[in-house]
Amino acid sequence: MTNWQVYKRLLGYLKPLWFVFALSILGNAIFAMASALMAAAMEPVVEAIQNPTQSYRALVPLLIIGVFALRGLGFFLGTYYIAVVARNIVKAMRQQLFDRMLTLPCRFYDQNSAGHLVSRITFNVEQVTGAATNAVTIAVREGLTVMFLLGYMFYTNWKLTLIFLSVGPIIGLVVSYASKRFRRLSKGIQHSMGDITQVASEAINGYRVVRTFGGEAYESERFHAVVEKNLVQGMKLALTKSLNTPVVQLLISLSIAGLVWIALAPEIIGDMTVGEFIAYITATTTIAKPVRQLTEINAIIQRGIAAANDVFDHLDQEPEEDQGVIDVERVKGEIDIRQVRFRYAPDSDDVLHDINLHIPAGKTVALVGRSGSGKSTLVNLIPRFYDYTSGEILLDGKLLKDYRLASLRNQIALVNQQVTLFNDTIANNIAYGARDRYTEEQIRQAAEAAHAMEFIEALPDGLDTLVGDNGMRLSGGQRQRLAIARALLKDAPILILDEATSALDTQSERYIQDALEAVMKGRTTLVIAHRLSTIENADMIVVMDKGRIVETGTHQELLQKNGHYAALHQMQFRDE
Ligand SMILES: Nc1ncnc2c1ncn2[C@@H]1O[C@H](COP(=O)(O)OP(=O)(O)O)[C@@H](O)[C@H]1O
Ligand SMILES: [Mg+2]
């Protein structure tokens, strides 16, 4: 995106807030005017001192109050209403980012760390609006202040102002050179600090090696060298730091002195009064700060654009593909996987090769195989967490892609190894996403079937107990039982259990096994089990290895075959 496109997009956020924004611009304009008036006010004040008449005595204090009141009003309008704009834009961006996140494919989550995503929503958004509103405030407030002051200066003495304008930039350059040099040095000192930590930590962490290999002299020499360098940098920094302020002030005093000297030339000062002269000098000193702020505006804008690009990039991510139109109430559950290949990224290797698997409706298929053989990957294709690279998968004879995504996922209950619980009550966690669809009794039954009721009843508030952040207060096995209860309650025609009982001890697993077998009846079930004893009754066992199906059959058939499955079985049998 070009900078201009970013601006235009940011302006889009301003549209609904244009009135508030206009108020803040107005406030900044008032503030700028009052700042210029403050310098100009020196003129009547000096006149009043020279000519202490009664009317001056009454007017000048009023003038002072008036100027400050005006400036205060401008400051309030400018600061408050730009904050209203900023807070509202932050809110809108956060909502958009979050809602977009909910539609993004799994692939996106694989590629972006959670910390990064969260910081985008919390931090980057603030950066964008902070920079944008700062830039606007500075441009309007300081820009107008400079213009008003210059206008006043031209008005009082245009010749002097022309001279001022031609000398001003030179002073500015000298000042900015001094501060840039200062910044470069401080970067140098950061670098040499890095060297110090590097050498020191190597020697500290590797002290055994240093001692046993007699590296003391070498390390000492190395460390002394970097510390020496740091000393030189530090001295340079201290020198510029202590020279910076007096030099800059001297420069400014020189230029004001020069200005005064020039101004005092009879052909320049003309008929300037004392008041005008003092007001003029006040204006020239007042103008320095807003000018400096205006020179920093570019850096602020650049920072804001970088953050905005990041936010807009996120908003422009393609959501999950959802072109399907079929809406089903309840599928029968026949799954047909034909010649399916899959890879996680276009430039990576295939993780699944030529998978062919037909699962009749209502049957149970167990997937077994070493870890990394592609079992989870295969079952994740059914809810379309990922789209296969080639081949096809049919559900009830229709392509997965032809179903509306929400409708497809509604047919599937999934339990996997990483149980996610929300910081809510147990009941709401079991009925997640559809709390008003179920009665408490239904939730209780699901919890009972998953053998979760036993521990839920022991909790202080039973089903209404809060589970804490991601169920921190529950054990792994308890969490897994809640996840199973959640799946049972959903009562979907397709059930996917990806190592759903891995966190349970053998005893609890046996219990749940009975419950699960009862629910598997009449449902198409894909079960990945780490303990082979739990899948002996499956209608079909599929053995996977390196992304291929290497064997299929029933428990008995596969044992007789004496191949991969028999070997796996042998191994587990020996372990137990
Ligand atoms: N999100 C992912 N991105 C890239 N590669 C992945 C991802 N998930 C799994 N893999 C890779 O795919 C292969 C199969 O993994 P997986 O299906 O989880 O195996 P299993 O469930 O059989 O242990 C492994 O080599 C794994 O490294
Ligand atoms: Mg797995």
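Parameters and conventions
Residues numbered from 1 in each chain as written. Chains lettered and ligands numbered in written order. Predicted model: local features only at pLDDT ≥ 70, side-chain atom pairs only at ≥ 80, totals over all residues. Heavy atoms only, no water. Patch = residues over 30% accessible without salt bridge, like charges linked within 9 Å, V, L, I, M, F, W, Y side chains within 5 Å. Areas by Shrake-Rupley, 256 points an atom, 1.4 Å probe, with all protein chains shown as cover. Salt bridge = Lys/Arg side-chain N within 4 Å of Asp/Glu carboxyl O. Helix = DSSP H or I, 4+ residues; strand = E, 2+ residues; numbered from the N terminus. Buried < 20%, exposed > 50% of the residue type's maximum accessible area, 1.4 Å probe, protein only. Pairing = 2+ DSSP bridges. Near = heavy atom within 4 Å. Polar contact = N/O pair within 3.5 Å; in protein donor to acceptor, adjacent residues only side chain to side chain. Nonpolar A, V, L, I, M, F, W, Y, C, P; charged D, E, K, R; others polar. Phe/Tyr/Trp six-rings, centres within 6.5 Å; stacked < 30°, edge-to-face > 60°. Contact = heavy atoms within 4.5 Å. Axes fitted to C-alpha atoms, helices over the stretch in contact; angles between N-to-C directions. Left-handed = near helix turned anticlockwise from the far one by under 90°. 1 Å grid on protein atoms, 1.4 Å probe; cavity = no way out; pocket = protein on both sides within 12 Å on 5 of 7 lines; lining within 4 Å. Points joined across faces, edges and corners; volume = space filled by probe spheres on them. Expected span 1.5 Å × (residues − 1).

Visitor: Looking at this structure, how should I read a nonpolar patch on the surface?
Guide: A cluster of nonpolar residues, F154, W158, L162 and L165, forms a patch on the protein surface that exposes about 380 Å² of accessible area. Tallying contributions element by element places helix α7 (residues 158–205) first for the nonpolar patch, with three residues. Relative to the elements of secondary structure, W158 occurs in helix α7.

Visitor: Quick question: what am I supposed to make of the pairing of strand β3 (residues 364–369) here?
Guide: In regular strands, side chains alternate between the two faces of the sheet. With respect to burial, β3 is a largely interior element, five of its six residues being buried. In this structure, β3 lies alongside strand β8 (residues 524–528), joined through four bridges in parallel fashion. Pairing of L367 across the sheet is with I528, part of β8. With five bridges connecting them, β3 and strand β9 (residues 540–545) associate as parallel partners. Counterpart to V368 in the pairing with β9 is V543.

Visitor: Would you mind going over the site of ligand 1 with me for this structure?
Guide: In the vicinity of ligand 1, the residues found are D110, Y344, V351, R370, S371, G372, S373, G374, K375, S376, T377 and Y386. Residue K375 places a main-chain N or O atom 2.9 Å away from an oxygen atom belonging to ligand 1. Residue contributions to the shell around ligand 1 peak at three residues, all from helix α13 (residues 375–380). For the shell around ligand 1, the class distribution of residues is three nonpolar, six polar and three charged.

Visitor: Hey, could you run me through the pattern of salt bridges in this one?
Guide: According to the stated counting rule, one finds 22 salt bridges in the structure shown. The partner of E142 in a salt bridge is R141, with the nearest N and O atoms 3.3 Å apart. Residue classification places E142 among the buried positions, given a relative accessible area of 8%. Overall, the relative accessible area of 16% leaves R141 in the buried class. Several salt bridges share partner residues, and in doing so they unite R341, R343, D350 and D354 into one network.

Visitor: Honestly, the pairing of β9 in this entry has me stumped. Any pointers?
Guide: Of all six residues that make up β9, five are buried, and the element is covered over most of its length. Strand direction decides the pairing type here: β9 and strand β10 (residues 548–553), joined by five bridges, are antiparallel. Paired with V543 across the bridge in β10 is E551. Linking β9 back to β10 in an antiparallel pair, the connection comprises two residues, with K546 at a positive phi of about 50°.

Visitor: Help me understand the packing of aromatic side chains, please; the structure alone is not making it clear to me.
Guide: Within a pair of aromatic rings, the relevant descriptors are the distance that separates the centres and the angle that separates the planes. A complete count under the given rule lists 12 aromatic pairs for this structure. Residues F76 and Y81 carry aromatic rings whose centres are separated by 6.4 Å and whose planes lie at 80° to one another, so their mutual orientation is edge-to-face. Looking at F76, the relative accessible area reads 46%, which means it is partly exposed. When the ring of Y344 is compared with that of Y386, the centres are 5.0 Å apart and the planes differ by 85°; the resulting orientation is edge-to-face. Placement of Y344 in the loop between β1 (335–342) and β2 (352–359) and of Y386 in the loop between α13 and β4 (390–395) is noted, with a sequence separation of 42 residues between them. The partly exposed category is assigned to Y344, whose relative accessible area is 30%.

Visitor: Can you help me understand the side chain of D336 in this one?
Guide: Turning to its location among the elements, D336 is positioned in strand β1. In contact with D336, other than residues within four places in its own chain, are L357, H358, E392, I393 and L394.

Visitor: Mind showing me how you'd approach the packing of helix α2 (residues 18–40) against helix α6 (residues 114–156) here?
Guide: At a minimum axis distance of 8 Å, the contact between α2 and α6 shows a crossing angle of 35°. In terms of crossing hand, the pair formed by α2 and α6 is right-handed. Seen from α2, the contacting residues are F21, I25, N28, A29, F31, A32, M33, S35, A36, A39 and A40; seen from α6, they are V136, T137, V140, R141, L144, T145, F148, L149 and Y152.

Visitor: What am I meant to see in empty space enclosed by the protein here?
Guide: It is the rolling of a water-molecule-sized probe over the atoms that shows where space remains empty. Applying the stated criterion across every chain yields a total of two cavities of 30 Å³ or more. Of the volumes computed, that of the largest cavity is approximately 90 Å³. Forming the walls of the largest cavity are 14 residues, and the residues nearest its centre are T501, V527, I528, A529 and T534. Elements with a minimum of two residues in the lining of the largest cavity: α19 (506–520) and β8. When grouped by side-chain class, the residues that make up the lining of the largest cavity number eight nonpolar, four polar and two charged. If you add up the space inside the second largest cavity, you get close to 30 Å³. For the second largest cavity, the full set of lining residues is A413, A487, L488, D491, A492, I494, L495, V519 and R523. Of all the secondary-structure elements, those providing two or more residues to the lining of the second largest cavity are α18 (476–490) and β7 (494–498).

Visitor: Looking at this structure, how should I read the environment of S176?
Guide: Within the secondary structure, S176 sits in helix α7. Taking relative accessible area as the criterion, S176 reaches 30% and is therefore assigned partly exposed.

Visitor: I'm lost on the side chain of S24 in this one. Help?
Guide: Here S24 lies in helix α2. A polar contact is formed between the side chain of S24 and the backbone oxygen of F21, at a distance of 2.9 Å. If near-sequence neighbours (up to four positions away) are discounted, S24 is found in contact with L77, G78, Y81 and I82.

Visitor: Help me out: how do you make sense of the sheet that holds β1 in this one?
Guide: Pairing between the strands of a sheet comes from backbone hydrogen bonds, and it takes one of two forms, parallel or antiparallel. Taken in spatial order, the four strands of this open sheet run β2-β1-β4-β5, and their pairing is antiparallel. Edge positions in the open sheet fall to β2 and β5 (398–399), since each of these has one partner strand only. Across five bridges, the pairing between β1 and β2 is antiparallel. Looking across to β2, one finds that I337 is bridged to L357.

Visitor: I tried to follow helix α12 (residues 288–315) on my own but got confused; where do I start?
Guide: For an α-helix the count is 3.6 residues per turn, leaving residues at separations of three or four pointing the same way. An ideal rise of 1.5 Å per residue puts 40 Å on 28 residues; α12 measures up with 41 Å between its terminal C-alpha atoms. Within α12 the residues assigned to the buried category are P290, I297, I300, G304, I305, A307, A308, D310, V311, F312, H314 and L315. Packed against the buried residues of α12 are α1 (3–14), α4 (54–101), α5 (106–111), α6 and α11 (274–286).

Visitor: Just to check I follow, could you spell out the environment of N309 for this structure?
Guide: Here N309 shows up in helix α12. Owing to a relative accessible area of 23%, N309 belongs among the partly exposed residues under this scheme. Considered as a pair, N309 and N3 are 306 residues apart in the sequence and their alpha carbons are 9.0 Å apart. N309 has contacts with M1 and V6, leaving out every residue within four places of it along the chain.

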